[in-house]
Amino acid sequence: MSAVSEPIDGLGRDSTNWAATALTAIGLWARRYPVWIFLAAALVFFSLKSPHFLSVFNLSNILLQAAFFGFLSIGLTLLIISRNIDLTVGSVAGLAACLAVGLQPSLGLWLPIAIGLGAGLAIGLLNGFLVERAGIDSFIVTLAGMIGIKGLAFAFAGEESISASIDLFNELGALRIGRIHAIALLFLALLAIGHYVLKHTKYGRETYAIGGNRTAAVNAGVRVSRHVIIGFAISGLLAAFCGIAMAANMGAAMPAFGLGYEGWAIAAVVLGGTKLSGGSGRIVNTLGGVLLLASLRNGLNMIHVPAYYVLVTIGGALILALFFDTQFSRKPRQG
Amino acid sequence: MFQDAVLGKSRLAFQRLGVALPFLVILGLVATAAPTLLEPSNIGQVLRQSSIVGVMALGMTFVLISGRVDLSIGSMLSLITMITIDLHDRVGPGVAVIAALGVGLGIGIVNGILVGFLRLNALIATLAMLSLLQGATMIYSNGRDLTVAAPGETWFAFIGRGQVYGIAVPILIFLGLAALLGFLLHKTSYGRRVFAVGGNETTSAFSGLRAPLIVASTYVISGLTTAVAALIIGSRVMGAQTNTGVGYEFEVIAAVALGGTSFLGGSGSIAGSVIGVVILAFLQNGLLQMGLPYYLQWIVSWVIIILAVWTDAASKRKKVLV
């Protein structure tokens with residue numbers, strides 16, 4: 001950074017410097033947030049391969065698919081920045097979907113939805129409690145919860161799919177505003193709120209502080225335990241929301257809903273440049289990761305890659321994301 | 001000094017078998033509710049069934065002690081079983097067995113490179129491998145389940161169905177491997193290195209241990225034990241399904257945690273894992289005998305892991321305070 005390039009002559013100076021500065025800026029930006037470059041590349045690739053990829057209909061579909069695991073990514077971004085993780089999100093989505101649909105015949109429309117959200121909130125609080133008060137690593141708590149909560153969903157719903165019995169529920173799920181699904185708009189709205197919270201509120205600043213240096217945060221008077229428990233509660237609530245939105249969109253619920261979604265959501269967060277080591281990350285870039293994965297899934301489908309390869313894609317994307325994570329979290333070179 | 005540290009850790013692990021005590025009590029209650037549980041024929045059957053989780057738990061013990069985790073073993077089990085059954089009929093049982101071990105070795109090396117050498121987050125990297133290997137299983141089999149055409153005419157059946165002096169071969173494999181790997185972990189310098197890396201990676205690096213290599217080697221062991229488990233299950237069932245191994249990683253982790261191996265790395269024992277496997281197997285069989293659905297076992301695994309690790313964390317905290 002110390003050496004400034006010397007202009008060769010008066011004419012070349014401005015353009016060289018301007019071009020160099022712009023290139024440097026783009027290079028820096030691409031290095032820090034490569035996800036947007038990947039997204040652009042994926043969009044170009046698929047639109048060249050399939051004429052239907054860039055249609056408004058398909059794009060709004062991609063956005064809808066993105067929204068489903070995107071809900072989970074919002075909560076996970078907060079948690080990962082504070083150096084925690086929540087693997088229960090996929091199972092919670094399944095449980096909440098089953099509760100919201102399965103209780104409809106006896107309780108109507110709104111109460112089951114509230115119960116589903118409440119279950120997500122309660123599981124989030126339980127996870128947070130086990131992490132903070134019992135002192136167990138969040139990975140273990142939520143890894144065990146991942147299978148246990150799936151067990152709860154099966155215990156409640158059995159192995160069959162349950163159909164929604166109230167039409168309004170399905171209508172809400174299929175609602176579009178203009179040509180965009182209401183669920184997708186809701187996702188974008190929640191994302192914006194998440195961005196605001198992280199960037200402009202005390203809670204957001206404390207999130208970075210805890211992830212960056214927990215001891216320092218404690219010493220600085222941050223109520224770390226309470227903060228992290230709230231983080232898990234938010235994640236549980238968003239996961240429940242994801243499950244209910246999926247159920248409303250499909251008009252049915254199954255305990256297996258959300259299976260593997262934790263992988264998609266975490267991959268999106270990490271692809272967006274949020275460090276698993278905590279303390280840094282931006283929710284806007286999580287959106288980039290979410291859109292990238294949704295485009296990949298949709299695009300591979302459009303060019304007739306068999307569905308099995310989707311599993312390989314998500315695995316590969318996760319490993320790639322991790323690789324970038326370790327590459328870029330190394331200390332920047334002195335220059 | 002090194003030796004003392006290891007012995008101390010073994011002792012600690014032994015103390016932490018206290019983790020298993022509440023479950024022995026629950027097991028007693030389950031046994032009263034389902035009296036058939038402790039009939040000799042049932043005991044033999046439960047032990048035989050437990051050997052698949054058991055063999056995988058031995059490998060997982062190494063990975064956990066080195067301070068990492070391997071979530072890919074369930075999918076790996078599916079993939080290797082599929083390959084074994086496919087090759088068994090197309091090429092022959094000998095090739096199938098060698099291929100199974102080779103694939104287990106290969107995936108172990110890949111995991112080892114990702115986590116050991118590239119230093120990727122173990123949890124997420126092996127979660128990614130879980131998804132990737134499940135996809136590979138589907139691609140390999142084209143989504144179909146396979147069965148062996150003539151299960152009565154192959155020596156391959158011996159691995160999962162045979163008996164030696166009235167003892168089922170899977171049990172012998174499990175106990176034999178437990179003895180072998182127990183020796184490797186607790187009596188050799190390699191084993192002490194695994195403990196050292198898991199206990200304090202920085203110190204171990206300063207002591208001249210090549211942590212990446214040691215971590216990678218534990219994944220290779222885990223890959224190989226999973227391959228052996230795949231041989232047992234393939235031979236037992238004489239077929240392979242795309243979802244053969246789904247959820248096995250949780251059972252294995254629950255068993256190992258129940259056996260007192262710490263998720264934080266640096267402590268644990270093979271004997272503990274064997275005990276954990278057996279207790280878990282009887283508990284699950286008892287619940288099934290009581291007529292409870294299989295997914296209840298998932299809730300049981302949840303509770304077991306949380307309680308086991310909570311006890312572990314509580315004992316660690318006390319140590320810090322004293």
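Only a predicted model underlies this, so the values are computations on that prediction, with no experimental measurement involved.

Student: Honestly, the overall build of chain A in this entry has me stumped. Any pointers?
Tutor: In terms of regular secondary structure, chain A is built from 15 helices and four strands. In terms of C-alpha radius of gyration, chain A reaches 22 Å, essentially the compact-globule figure of 20 Å for 335 residues. Its C-alpha atoms give chain A principal-axis dimensions of about 80 × 55 × 35 Å. In chain A, 79% of the contacts between residues at least 6 apart in sequence involve partners at least 24 apart.

Student: Just to check I follow, could you spell out the overall build of chain B for this structure?
Tutor: Broken down by element type, chain B carries 14 helices and four strands. The C-alpha atoms of chain B give 19 Å as radius of gyration, which agrees with the globular expectation for 322 residues (20 Å, within 12%). C-alpha extents for chain B along the principal axes are approximately 60 × 50 × 35 Å. Sorting the 322 residues of chain B into buried and exposed places 56% on the buried side. Considering only contacts within chain B whose residues lie at least 6 apart along the sequence, 81% involve residues at least 24 apart.

Student: Could you clarify how one ought to interpret the interface of chain B and chain A in this entry?
Tutor: By convention, interface size is frequently given as the accessible area that disappears when the constituent parts associate. Taken together, the contact pairs 35 residues of chain B with 33 residues of chain A. Counting residues per element, the ones that place at least two in the side of chain B that touches chain A are α6 (122-141) and α14 (296-321) of chain B. Classifying every residue of the side of chain B that touches chain A gives 26 nonpolar, seven polar and two charged.

Student: What's the story with unusual backbone geometry in this structure? I'm lost.
Tutor: Both trends apply: most residues other than glycine have a negative phi, and most peptide bonds are in trans. With a phi angle near 65 degrees, histidine 304 of chain A is a residue other than glycine that sits in the positive phi range. Within the secondary structure, histidine 304 of chain A sits in the loop between α14 (283-302) and α15 (308-329). Taking the C-beta count within 10 Å as the criterion, histidine 304 of chain A has 8 such neighbours and is therefore assigned exposed. Unusually for a residue other than glycine, asparagine 142 of chain B sits at a positive phi of about 55 degrees. Mapped onto the fold, asparagine 142 of chain B is located in the loop between α6 and β1 (146-147). C-beta crowding within 10 Å serves as the criterion here: with 9 such atoms nearby, asparagine 142 of chain B is assigned to the exposed category.

Student: What should I look at first to understand the confidence of the model for chain A in this one?
Tutor: Low-pLDDT stretches of the model should not have their predicted coordinates read in fine detail. The share of residues in chain A with pLDDT of 70 or more is 93%, and the mean pLDDT across the chain is 85. Across residues 331-335 of chain A, where pLDDT falls below 50, the model places one contact with residues more than four positions away in sequence or in other chains.

Student: Would you take a moment to explain the environment of glutamine 241 of chain B for this structure?
Tutor: Mapping glutamine 241 of chain B onto the fold places it in the loop between β4 (239-240) and α12 (248-258). Linking glutamine 241 of chain B and serine 141 of chain B, residues 100 residues apart in sequence, is a C-alpha distance of 8.9 Å.

Student: Looking at this structure, how should I read the UniProt feature "transmembrane region" (unreviewed entry) in chain A?
Tutor: All names here are of chain A. The positions that UniProt labels "transmembrane region" (unreviewed entry) are, in the present scheme, residues 33-50, 62-80, 87-103, 109-131, 138-157, 177-198, 228-246 and 306-324. Within the segment residues 62-80, helix and strand shares are 100% and 0% respectively, and the terminal C-alpha atoms sit 25 Å apart. For residues 228-246, the helix share is 100%, the strand share is 0%, and the end-to-end C-alpha distance is 27 Å.

Student: How should the packing of helix α9 (residues 182-200) of chain A against helix α10 (residues 202-212) of chain A be read in this particular structure?
Tutor: Two measures define how a pair of helices packs: the angle their axes make with one another and the distance between the axes. All names here are of chain A. Close contact between α9 and α10 brings their axes to 5 Å; oriented N to C, the two are set at 70 degrees. Accordingly, the angle class assigned to the pair α9 and α10 is roughly perpendicular. In this structure, α9 contributes Val197, Leu198, Lys199 and His200 to the contact, and α10 contributes Tyr203, Gly204 and Thr207.

Student: Help me out: how do you make sense of helix α7 (residues 138-157) of chain A in this one?
Tutor: Note that an α-helix has 3.6 residues per turn; residues three or four places apart therefore point the same way. All names here are of chain A. The end-to-end C-alpha distance of α7 is 27 Å, a good match for the 28 Å that 20 residues give at a rise of 1.5 Å each. At methionine 146, α7 shows its maximal bend, which comes to roughly 30 degrees. The element α7 is extensively covered by neighbouring structure, given that 17 of its 20 residues are classed as buried. Of the residues flanking the end of α7, it is glycine 158, one or two places downstream, whose phi is positive at about 70 degrees.

Student: Looking at this structure, I do not really get the environment of phenylalanine 57 of chain A. What am I missing?
Tutor: Here phenylalanine 57 of chain A shows up in helix α3 (residues 56-81). Classification of phenylalanine 57 of chain A by C-beta neighbours within 10 Å gives exposed; the count is 9.

Student: How should I be thinking about the nonpolar core in this particular structure?
Tutor: What tends to happen in soluble globular proteins is that the nonpolar side chains get buried as a cluster. Among the nonpolar cores identified, the biggest contains 215 residues, and Ala93, Ala96, Ala97 and Ala267 of chain A together with Ile305 of chain B are the most heavily contacted of them. Apart from the residues within four sequence positions on either side, alanine 267 of chain A is in contact with Gly289, Leu293, Ile314, Ala317, Leu318 and Ala321 of chain A.

Student: I keep staring at the environment of alanine 253 of chain A and nothing clicks. Help me out?
Tutor: All names here are of chain A. Relative to the helices and strands, alanine 253 is located in strand β4 (residues 252-253). Residue classification places alanine 253 among the buried positions, given that 30 C-beta atoms sit within 10 Å. A sequence separation of 63 residues divides alanine 253 from glycine 316, and the C-alpha atoms of the two residues are 29 Å apart.

Student: Explain the packing of helix α4 (residues 89-102) of chain A against helix α6 (residues 110-132) of chain A here, please?
Tutor: All names here are of chain A. Between α4 and α6, whose axes approach to 7 Å, the crossing angle comes to 155 degrees. As summarised for this structure, α4 and α6 are arranged roughly antiparallel, according to the angle between their axes. In terms of crossing hand, the pair formed by α4 and α6 is right-handed. Contacts between α4 and α6 involve Val92, Leu95, Ala96, Leu99 and Ala100 from the first element and Pro112, Ile113, Ile115, Gly116, Leu117, Ala119, Gly120 and Ile123 from the second. For the contact of α4 with α6, a count of residues per class yields 11 nonpolar, two polar and no charged.

Student: Looking at this structure, how should I read the confidence of the model for chain B?
Tutor: Mean pLDDT over chain B: 85, with 91% of residues reaching 70 or higher. Model confidence for the complex is summarised by a pTM of 0.80, with the ipTM given as 0.78.

Conventions and cut-offs
- All chains use their own residue numbering, which begins from 1 and follows the written sequence.
- As a convention, the first chain written is A and the first ligand written is 1, with the rest following in written order.
- Only residues with pLDDT of at least 70 are given local features in this predicted model, and only at 80 or more are side-chain atom pairs given and counted; all residues enter the totals for whole chains, interfaces and linings.
- Helix numbering and strand numbering both begin at the N terminus, where a helix is a DSSP run of H or I of at least 4 residues and a strand a DSSP run of E of at least 2.
- Only the C-alpha atoms count toward the radius of gyration. The rule for a globule is 2.2 Å times the residue count to the power 0.38.
- Note that contacts rest on C-beta atoms placed from the backbone: two residues are in contact if these are within 7 Å.
- For every residue, the other C-beta atoms within 10 Å of its own C-beta are counted; 20 or more classify it as buried, 12 or fewer as exposed, and values in between as partly exposed. C-beta atoms are placed from the backbone.
- Gly counts as polar in this scheme, as do all residues outside two lists: the nonpolar Ala, Val, Leu, Ile, Met, Phe, Trp, Tyr, Cys and Pro, and the charged Asp, Glu, Lys and Arg.
- Per residue, pLDDT measures the predictor's confidence, with a range of 0 to 100.
- UniProt positions are given in the numbering used here, feature names are shortened, and annotations may be inferred rather than shown by experiment.
- Axis definition: a line fit to C-alpha positions, over the contact stretch in the case of helices; interaxial angles, taken between N-to-C directions, run 0 to 180 degrees.
- For classification, angles of less than 35 degrees are called roughly parallel, those exceeding 145 degrees roughly antiparallel, those between 65 and 115 degrees roughly perpendicular, and all remaining angles oblique.
- Between the first and last residue of a helix there are one fewer steps than residues, each counted as 1.5 Å, and that sum is the expected span.
- Given a residue, its bend is the angle between the two axes fitted to the seven residues that end at it and to the seven that start from it.
- Nonpolar cores are built from buried Ala, Val, Leu, Ile, Met, Phe, Trp, Tyr and Cys residues. These are joined into a set through C-beta atoms within 7 Å.
- Crossings are assigned a handedness: left-handed for a near helix turned anticlockwise from the far helix by less than a right angle, right-handed for a clockwise turn.

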